[in-house]
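Residue-level listing of the chains:
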Amino acid sequence: MGDEIRVPIDSDADIVIARQQGRALAERIGFSATDQTIIATAISEVARNIIKFAKRGEIILSTTMKNPERGVVVVARDQGPGIVDIQLALQDGYSTGNGLGMGLPGCKRLMDELEIKSSKGKGTIVTMKKWTT
Amino acid sequence: MSKSNSKEGEVKKVAEPVRGETTAALLRELVAHLRQNRTQLRQEWAKRITEAKLLTAMSQEEIFAEATAVYDNYVEALETGTFEALQGYARNLSERIIPRGVETHEVVGIVLLLRDVLARSLFAKYQHDFALLNRILDAYEPAANRIANTVAVGFVQERERTIRQQQEAIRELSTPVLQVRERLLILPIIGVIDPQRSRQLTEQLLRGIRTNRAKVVVIDITGVAAMDSNVANGLVQTVEASRLLGATVIVTGLSPEIAQTLVTIGVDLTKMNTVGDLQGGIEEAERLLGVKAVPLSLIEPQTKS
Amino acid sequence: MEVPILKQGDFLIATFQAALTDEDLLQLQDALVARVGKFRSHGVIVDVTALDVMDSFAARTLRALAHMVRLRGAETVIVGIQPEVAFAMVQLGLSLEGVPTALDLEEGLAQLMKASERKGATFRGR
Ligand SMILES: Nc1ncnc2c1ncn2[C@@H]1O[C@H](COP(=O)(O)OP(=O)(O)OP(=O)(O)O)[C@@H](O)[C@H]1O
Ligand SMILES: [Mg+2]
């Protein structure tokens, strides 16, 4: 426990690496096949946002514990343009990048916790957690 | 260097390690003692376990084998001050003994007994030097408490996990996915659905669709009294996910209240395939499958009203 | 990693690997659309059995693909979505609305055959 996996996100191939690492980690700490897929999907979304809006950044994967549950923590950080209105970004269908605007609100539904810290021009940190059970 | 107030002559080889006076040195002393008397002490402990009628679900040999393993892990935790190995062992032990009906109080009981057995042996050994005995006990006590705590907590956690698993298994049984004919599944949902159960039902159904190669699914919710918007959303997701696997879903037994909930959360009911009752749903399913309808009574006599 | 496209009679079959990058997906989209035109195919099957995750990008690309294929007079069927993947997709909010789906390759082919029977399509070999 406690180890961190850092995946630099530089190109769309890194999105695949990040989600595969996330799945493997989730499997190691006992998540079901469905939850592994859920976690991998959420990682795919935030990693793609990094590529799309910030060009590069990183995904940091780690595990945590809140007795008796174990959890996986996904941090997606970049030093891109930042999100001006976080509330808006979390609404279904809101997109400044002609996407479906499903990524962030979808991640909120997929994961148990999602928190966004962002400031304009400085970058974005999305932290997501999912607990076993 | 030595502040020991014991008479030098009596301390003999004991004096060496305790001279440092630190807790670490005292623990080292203690560990050496426990190692030296391993055989006798774990026998004593196993005997006390049997006398106290603990772990009655296990045989003498099993108790002795576990006692030995716990004893060694215990001494190691005292020596290294790290509890991971002990924690791991406690989990593993719990996993093995919980299915055999061992109770929490028994596990707490045996750890406290070990604490007692060891404390008594320390008394016997150091009674000649009360001050030293006190220091040894001062060093021993917190470590022993932590060990007891680690083992007990490990057990309780494992037990909770087991109970949760059992609950899940029971839930799984309580909503069968029925195959009434080739390519047709029925999922009769009865009772209260919370988000957890809703999720479980969906997973079960999706697996069922795949293994049975189902093309049509009838979800009957006649037996569901109410649904909050979360669960209603879950139902919509179940329908969508089933379609992604290539199966068409027909929902039957939709009460006006639930229909209202669905409309409120923005579901377009015309896009959902709904049929009044289960019989009608099956007929519709068979029409979709291109087969002749079979009376419901022949498929499932119990549900005939 | 390029996605192999197989021609089977009047149909095209593309089989996904586990880990497809966005680039791979876009390439596949172009290649399929081009070949539907070239071979005058009646239908396209995209087999995603091996795909580990279907995220918003993949879903959007598949929808666009189905749309473009339809504009060329052919149908697309997505086959082999795994139960876990489907579960995650709908939670994310992706339902591939308007895109036909089937359990597996066999079902997908049956579906396409039925759809194109009237058009006189033929399906040879397997
Ligand atoms: N890392 C980021 N840096 C800057 N802006 C971001 C970042 N992530 C998200 N955003 C902003 O939040 C909006 C919503 O993100 P979301 O992922 O929900 O939608 P999208 O990426 O535009 O579309 P989709 O994910 O459906 O393809 C984005 O359009 C963008 O404005
Ligand atoms: Mg996005």
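As shown above, the structure is provided for reference.
Sequence order as written defines the numbering, with residues in each chain counted from 1. Chain letters and ligand numbers both follow the written order, the letters beginning at A and the numbers at 1. A pLDDT threshold of at least 70 governs which residues receive local features in this predicted model, and a stricter bar of 80 or more applies before side-chain atom pairs are shown or counted, although totals over entire chains, interfaces and linings include all residues. With hydrogens and water set aside, each side-chain value is computed from the structure's full complement of heavy atoms.

A. Quick peek at the overall build of chain A. Under the DSSP-based scheme used, a helix requires at least four consecutive residues in state H or I and a strand at least two consecutive residues in state E, with every element numbered from the N terminus. If you tally the helices and strands in chain A, you get four helices and five strands. Seen in sequence order, chain A has helices and strands lined up from the N terminus as β-α-α-β-β-α-α-β-β. What the globule rule says is 2.2 Å times the number of residues to the power 0.38, and the radius of gyration is computed from C-alpha atoms. Relative to the globule expectation of 14 Å for 133 residues, the C-alpha radius of gyration of chain A, 14 Å, shows essentially globular dimensions. In terms of principal-axis extent, the alpha carbons of chain A reach across some 40 × 25 × 20 Å. Contacts: residue pairs with any heavy atoms within 4.5 Å of one another. Taking the intrachain contacts of chain A between residues at least 6 apart in sequence as the baseline, contacts between residues at least 24 apart amount to 59%.

B. Spotlight on the overall build of chain B. A count of helical and extended segments in chain B gives 13 helices and five strands. The buried label applies to any residue whose accessible area, calculated with a 1.4 Å probe on protein chains only, is under 20% of its type's maximum; exposed applies above 50%, and partly exposed to all values in between. Classification of the 305 residues of chain B by burial places 45% in the buried group. Accessible surface, chain B: about 15700 Å² in total, of which carbon and sulfur atoms supply 54%. Areas reported here follow the Shrake-Rupley algorithm with a probe of radius 1.4 Å; residue values treat only the protein chains shown as occluding.

C. Summary view of the interface of chain C and chain B. Contacts between the two partners involve 23 residues from chain C, matched on the other side by 18 residues from chain B. Taking both sides of the interface into account, the surface hidden between chain C and chain B amounts to around 1800 Å²; carbon and sulfur atoms contribute 54%. Buried area: the sum, over both parts, of the accessible surface (1.4 Å probe) that disappears when the two are put together. Together, F87, V90 and L103 of chain C form the three largest contributors to the area buried by chain C at its contact with chain B, with a combined 36%. In the sections that follow, a salt bridge refers to a side-chain nitrogen of Lys or Arg positioned within 4 Å of a carboxyl oxygen of Asp or Glu. Inspection of the chain C/chain B interface yields four salt bridges. Note that R183 of chain B is salt-bridged to E107 of chain C, the shortest N-O span being 2.9 Å. Elements that contribute at least two residues to the side of chain C that touches chain B include exactly α3 (83-92), β5 (101-102) and α4 (105-117) of chain C. By residue number, the principal contributor to the side of chain C that touches chain B is α3 of chain C, which donates six residues.

D. Structural view of the sheet that holds strand β4 (residues 113-119) of chain A. Residue and element names in this part refer to chain A. Any two strands with at least two DSSP bridges between them are considered paired. Strand order in the open sheet made by the five strands is β1-β2-β3-β5-β4, with antiparallel pairing throughout. The sheet terminates laterally at β1 (5-9) and β4, the two strands that pair on one side only. With direction set aside, neighbouring strand axes in the sheet form an average angle of 15°. Pairing analysis gives seven bridges linking β4 to strand β5 (residues 123-131), with the strands arranged antiparallel. As a rule, the C-alpha atoms of each element are fitted with a line to give its axis, helices using only the stretch in contact, and angles between N-to-C directions run from 0 to 180 degrees.

E. Inspection of empty space enclosed by the protein at higher detail. All names here are of chain B. Here a cavity denotes a set of grid points, spaced 1 Å apart and computed over the protein atoms alone, in which a 1.4 Å probe fits but from which it cannot get out, and a pocket denotes an open set meeting protein on both sides within 12 Å along at least five of seven lines; residues with an atom within 4 Å of a point are reported as lining. Grid points are joined across faces, edges and corners, and a volume is the space filled by probe spheres set on the points. What the rule picks out here adds up to six cavities of 30 Å³ or more. One number sums up the size of the largest cavity: a volume of about 100 Å³. Lining of the largest cavity is provided by L187, I189, I193, S198, L201, T202, M227, V231, G234, L235 and T238. Those elements that provide at least two residues to the lining of the largest cavity are β2 (184-190), α9 (195-212) and α10 (229-244). With four residues, α10 is the largest single contributor of residues to the lining of the largest cavity.

F. Quick look at the sheet that holds strand β1 (residues 5-8) of chain C. Residues and elements named next belong to chain C. A sheet is described by the order of its strands in space; here five strands give the open sequence β1-β2-β3-β4-β5, paired in mixed fashion. Of all the strands in the sheet, the pair left with one neighbour each is β1 and β5. In terms of strand pairing, β1 meets strand β2 (residues 11-15) through four bridges, oriented antiparallel. Within β2, the residue paired with I5 across the bridge is A14.

G. Looking closely at the nonpolar core. The set of buried Ala, Val, Leu, Ile, Met, Phe, Trp, Tyr and Cys residues whose side-chain atoms join them within 4.5 Å is what this entry labels a nonpolar core. In terms of nonpolar packing, the biggest core is built from 97 residues, with I59 of chain A, I209 of chain B together with F16, M54 and I81 of chain C touching the most fellow members. Each residue touching M54 of chain C, except ones within four places of it in the same chain, is listed here: T41 of chain A together with A59, L62, I81, V85, M89, L94 and L96 of chain C.

H. Layout of the interface of chain A and chain C. Every contact between the two is made by 25 residues of chain A and, on the other side, 21 residues of chain C. Here chain A packs against chain C, burying approximately 1900 Å² in sum over the two surfaces, 57% of which is carbon and sulfur. At the junction of chain A with chain C, the criterion picks out three salt bridges. Of the charged contacts, one joins D52 of chain C and R19 of chain A as a salt bridge, the two residues approaching to 2.9 Å between their closest N and O atoms. N or O atoms closer than or at 3.5 Å make up a polar contact, with two conditions inside protein: a donor-capable atom paired with an acceptor-capable one, and, for residues adjacent in sequence, both atoms drawn from side chains. Counting every contact that joins chain A to chain C gives 10 residue pairs in polar contact (both at pLDDT 80 or more). Looking at the side of chain A that touches chain C, the elements that each hand over two or more residues are α1 (12-28), α2 (33-54) and α4 (103-110) of chain A. Among the elements that make up the side of chain A that touches chain C, the one with the highest residue count is α2 of chain A (10 residues). Per-class residue counts for the side of chain A that touches chain C are 10 nonpolar, eight polar and seven charged. Charged residues are taken to be Asp, Glu, Lys and Arg, nonpolar residues to be Ala, Val, Leu, Ile, Met, Phe, Trp, Tyr, Cys and Pro, and polar residues to be all remaining types, Gly included.

I. Focus on the site of ligand 1. Around ligand 1, the surrounding shell holds 22 residues, and the nearest of these are N49, S95, T96, M102 and L104 of chain A. For this purpose, a residue is taken to be near a molecule or strand whenever a single non-hydrogen atom of the residue falls within 4 Å of it. Ligand 1 is flanked by residues contributed from chains A and C. A distance of 2.5 Å is found between an oxygen atom of ligand 1 and a side-chain nitrogen or oxygen belonging to T96 of chain A. Between ligand 1 and G101 of chain A, the relevant distance is 2.9 Å, taken from an oxygen atom to a main-chain nitrogen or oxygen of the residue. Protein contacts shield 96% of the accessible area of ligand 1, which totals 590 Å² for the unbound molecule. The rule for placing a molecule in a cavity or pocket is simple: more than half of its atoms must lie within 2 Å of the grid points. Using a 2 Å cut-off from the grid points, one finds that ligand 1 occupies the second largest pocket.

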